[in-house]
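# Notes for the structure review
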Amino acid sequence: MTLKREPILGVLMLKTGFPRPPGDVGNPKTWSCKTRYKVVEPADVDTVVNSGPLPVPLLKAFVDAGWALVGEGATLITTSCGFLVTAQKALQDALPVPVVSSSLLQVAAVQATLPPGRRVGVLTFDAERLSKWHLEAAGAPADTAVVGLETGCELHRVVTGDLSELNVPGAEAAVLAAGRRLQTACPDLGAVVLECTNMPPYRSALARELGLPVHDLVTLIEGRIATS
């Protein structure tokens, strides 16, 4: 009889210091399994949240950090930023364990669960920088409805400035406001995928606000853990 290996989640972290409440990918209390974290030193919000693929030296830094997590026993690798979907193939090709770089990877699967006439929309940290590169890497339709946080709102302000304090109700309000804009812009909205890994703490509130299912990296990873 072969014993089932206990899952250990390895998280490739951007170098940031802002607060991460429960539900955030960077908070160990978010997960149902053991976690290991590795900060990728050259990676911060400015270098990763951009409209194109990662520069080769930065991609190598993520691969090296991924190998370090594997060495610590990680059986599944994820990241702390959905924009890293452009690195999905390179990371998966380089590492010997499954890699789930971004919640955007589930857009097509969520779309398949919706009735005809309904479609998936994406809430992102920065709609101006979430580009065709990211949607293509995720296997998502090029015309996927995308809405971002308002510049200067609580969550955007804290993450962009890497500030030490976060007003959680204010951050939730910012996510709900973005969700309402998405629903207005996309009348046939049937489900939402949260690109940003700092948004999952507000998933339940957003689902109630919109009356729609909301998916994020946490729901995606926990589904993988449950079936592994």
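To be clear, the structure that these remarks concern was listed above.
## Let's talk about the overall build of the protein
Secondary structure assignment for the protein yields nine helices and eight strands. Computed over its C-alpha atoms, the radius of gyration of the protein comes to 17 Å, within 12% of the 17 Å expected for a compact globule of 228 residues. Along the three orthogonal principal directions, the C-alpha set of the protein runs to about 50 × 40 × 30 Å. Taken across its 228 residues, the protein has 53% of its residues classed as buried. For the protein, restricting intrachain contacts to residue pairs at least 6 apart in sequence, the fraction spanning at least 24 positions comes to 70%. Averaged over its 20 positive side-chain charges, the protein has a centre that lies 6 Å from the centre of its 22 negative ones.

## Points about the pattern of salt bridges
Throughout the structure, instances matching the rule amount to twelve salt bridges. For Arg 203, the salt bridge identified is with Asp 216, shortest N-O distance 2.7 Å. Taken as a pair, Arg 203 in helix α8 (residues 203-210) and Asp 216 in the loop between β8 (214-215) and α9 (217-227) lie far apart in primary sequence, 13 residues in all.

## Quick look at helix α2 (residues 56-71)
In an α-helix, one turn spans 3.6 residues; hence positions three or four apart end up facing the same way. Taking 1.5 Å per residue, 16 residues should reach 22 Å; α2 reaches 23 Å between its end C-alpha atoms and fits that length. Along α2, the residues classified as buried are Leu 58, Ala 61, Phe 62, Val 63, Ala 65, Gly 66, Leu 69 and Val 70. Looking at the buried side of α2, the elements it contacts are β1 (8-13), β2 (34-39), α1 (45-48), β3 (76-79) and α3 (88-94). Directly beyond the C-terminal end of α2, a positive phi value near 105° is found at Gly 73.

## Considering the nonpolar core
With 67 residues, the main nonpolar core has Val 48, Phe 62, Leu 123, Leu 149, Leu 155, Val 192 and Leu 206 as its most contacted residues. Ranked by the residues each element gives to this core, the list is headed by α2, at seven residues. Ignoring sequence-local partners within four residues, the contact set of Leu 155 consists of Phe 125, Leu 149, Leu 166, Ala 171, Val 175, Asn 198, Met 199 and Tyr 202.

## Considerations on the sheet that holds strand β7 (residues 189-194)
Sheet strands line up and pair through hydrogen bonds in the backbone, either parallel or antiparallel. Taken in spatial order, the four strands of this open sheet run β6-β5-β7-β8, and their pairing is parallel. Sheet topology places β6 (145-148) and β8 at the edges, where each strand pairs with a single neighbour. Of the strand pairs in this sheet, strand β5 (residues 119-124) and β6 are connected by four bridges, and their pairing is parallel. Of the residues in β6, the one forming a bridge with Val 122 is Val 146.

Parameters and conventions
- Residues numbered from 1 in each chain as written.
- Predicted model: local features only at pLDDT ≥ 70, side-chain atom pairs only at ≥ 80, totals over all residues.
- Heavy atoms only, no water.
- Helix = DSSP H or I, 4+ residues; strand = E, 2+ residues; numbered from the N terminus.
- Rg over C-alpha atoms; globule rule 2.2 N^0.38 Å.
- Buried < 20%, exposed > 50% of the residue type's maximum accessible area, 1.4 Å probe, protein only.
- Contact = heavy atoms within 4.5 Å.
- Lys, Arg positive; Asp, Glu negative; His and termini not counted.
- Charge placed at Lys NZ, Arg CZ, Asp CG, Glu CD.
- Salt bridge = Lys/Arg side-chain N within 4 Å of Asp/Glu carboxyl O.
- Expected span 1.5 Å × (residues − 1).
- Core = buried A, V, L, I, M, F, W, Y, C linked by side-chain atoms within 4.5 Å.
- Pairing = 2+ DSSP bridges.

As far as function goes, none of this settles anything; it's purely spatial.
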